[in-house]
Amino acid sequence: MKRTLMFLGIMGLVLGFGASALAIGLCSYVSPETSLQSLGLSMSYHYFDDWATPGVEASVGLAGLDYNLLYDSPDFGYTVAATAELLLADFAPVSGLANAAATYRYYFTQDAPAFGFGGIEASMASGQPQAGIYINAGLGYGRFSDVTPLAKAVKIEKELLKVDAIPGPLGDSALMDIAQIIGSGEYATTDEQIAAVVNQVQVASGVTLDPRQVLTIEDQVLATGDVRHCGWAVQAGVGYQLIDPYSQPSAFLVTASADAAFAPNPDGQVLFHAGLSGPLNILAQNTLRLRASYSSVLSETTLLRASYTVLRVQPLAQPVSTSQTAALLLGLDIGSTTTLGLQASLSKPAGATAWSLDVSVSAAVTFDY
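Computed from a predicted model, the values in this text were never measured in an experiment. (Residues numbered from 1 in each chain as written. Predicted model: local features only at pLDDT ≥ 70, side-chain atom pairs only at ≥ 80, totals over all residues. Heavy atoms only, no water.)

A. Main features of the pattern of salt bridges. Counted under the stated rule, the structure contains seven salt bridges. The salt bridge involving D72 is made with R143; its shortest N-O contact spans 3.1 Å. Residue D72 is found in strand β2 (residues 58–72), and its partner R143 is found in strand β6 (residues 132–146); the two are separated by 71 residues along the sequence. Owing to a relative accessible area of 4%, D72 belongs among the buried residues under this scheme. Two residues, E159 and K162, come together in a salt bridge whose shortest N-O distance is 3.5 Å. Pair noted here: E159 and K162 are both in helix α2 (residues 148–162), with a separation of three residues, about one helical turn. Several salt bridges share partner residues, and in doing so they unite D66, E85 and R291 into one network. (Salt bridge = Lys/Arg side-chain N within 4 Å of Asp/Glu carboxyl O. Helix = DSSP H or I, 4+ residues; strand = E, 2+ residues; numbered from the N terminus. Buried < 20%, exposed > 50% of the residue type's maximum accessible area, 1.4 Å probe, protein only.)

B. How the structure looks around a nonpolar patch on the surface. The grouping of I120, I135, Y240, L242, I243 and F252 at the surface amounts to a nonpolar patch, some 540 Å² of accessible area in total. Ranked by the residues each element gives to the nonpolar patch, the list is headed by strand β7 (residues 229–243), at three residues. Topologically, I120 is positioned in strand β5 (residues 114–125). With relative accessibility at 41%, the residue I120 sits in the partly exposed group. (Patch = residues over 30% accessible without salt bridge, like charges linked within 9 Å, V, L, I, M, F, W, Y side chains within 5 Å. Areas by Shrake-Rupley, 256 points an atom, 1.4 Å probe, with all protein chains shown as cover.)

C. Here's a closer look at the packing of α2 against helix α3 (residues 172–183). Taken N-terminus to C-terminus, the directions of α2 and α3 make an angle of 125°; their axes are 8 Å apart at the nearest point. If you check the angle between α2 and α3, you find them oblique. Relative to α3, the crossing made by α2 is right-handed. Across from P149, L150, K152, A153, V154, I156 and E157 in α2, the residues of α3 making contact are L175, M176, I178, A179, I182 and G183. Residues that form the contact of α2 with α3 fall into these classes: ten nonpolar, one polar and two charged. (Axes fitted to C-alpha atoms, helices over the stretch in contact; angles between N-to-C directions. Parallel < 35°, antiparallel > 145°, perpendicular 65-115°, else oblique. Left-handed = near helix turned anticlockwise from the far one by under 90°. Contact = heavy atoms within 4.5 Å. Nonpolar A, V, L, I, M, F, W, Y, C, P; charged D, E, K, R; others polar.)

Below is the structure:
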């Protein structure tokens, strides 16, 4: 537990530093429509064999998958999220943790983010006889918004200040106007959109940009990947256990969940999910899922990723089963989607008496749409 708290504390310090360096909050931007999709794959492995001694001293690793799909409009929205982490030993899987959920939301009005929802969720961990699957429906409140246009506006200001193209910061109002242009779908061509951004920068700064500086703006406007979004949603309802992980009789459930997303700066993203489900005697029988992650681009070639996942299952009249994983990746960018670096991971499968630590070379591939 101390190691876990220290791990989360480091995440908090990095997050706080990034947020303090930004004048305008990215989450103040609200997009008319949000459509985001990302897929992350990662793997680390440590192998060591001292030929002077019998046997292999170390042969362990960790493979992970993280997929997120988010769509939100004034009338409806949906999310799909899936995570899987597999602990390897002697190149074979020995334990794992996986969770997948899909939710559809229908907003009652466009003015308030109150919604009705329906969804399905499944989870599996080593030590469980089978996967747990349940469906649910109920009411919730909250929205998510794509803030990538404002993140791009802030990056444009930063790049122009770096080369002394503008005398000073553009100001929050100008940045928001630029973000509205970048996020707008009203322009017939990309050239018209970039021209509008250039004009807004020149009006706000009082200078005329040269062709090289215009190209800098164009690069930022057309940049893909590194999407950022903000928002939160809480929901509660009733469900039905289609498959119980311990083969207990199917039953109606009480469900509750909370999701949050925060972009502390143009290069950082925080995601959080918590879900609780169980029958009416939820204190005696329940399933708790927690997932927190933080990613940040530290420089043009270096990125940081940290994550913490918990799956806690309390069967009726049986011992609690808890699986936990924590990972920290400091990566070196060698391409638009590929990263090599150093990864440290902590894992505690169900039934384990202590955490295990793996420090190794890692590889990761990320796809943003």
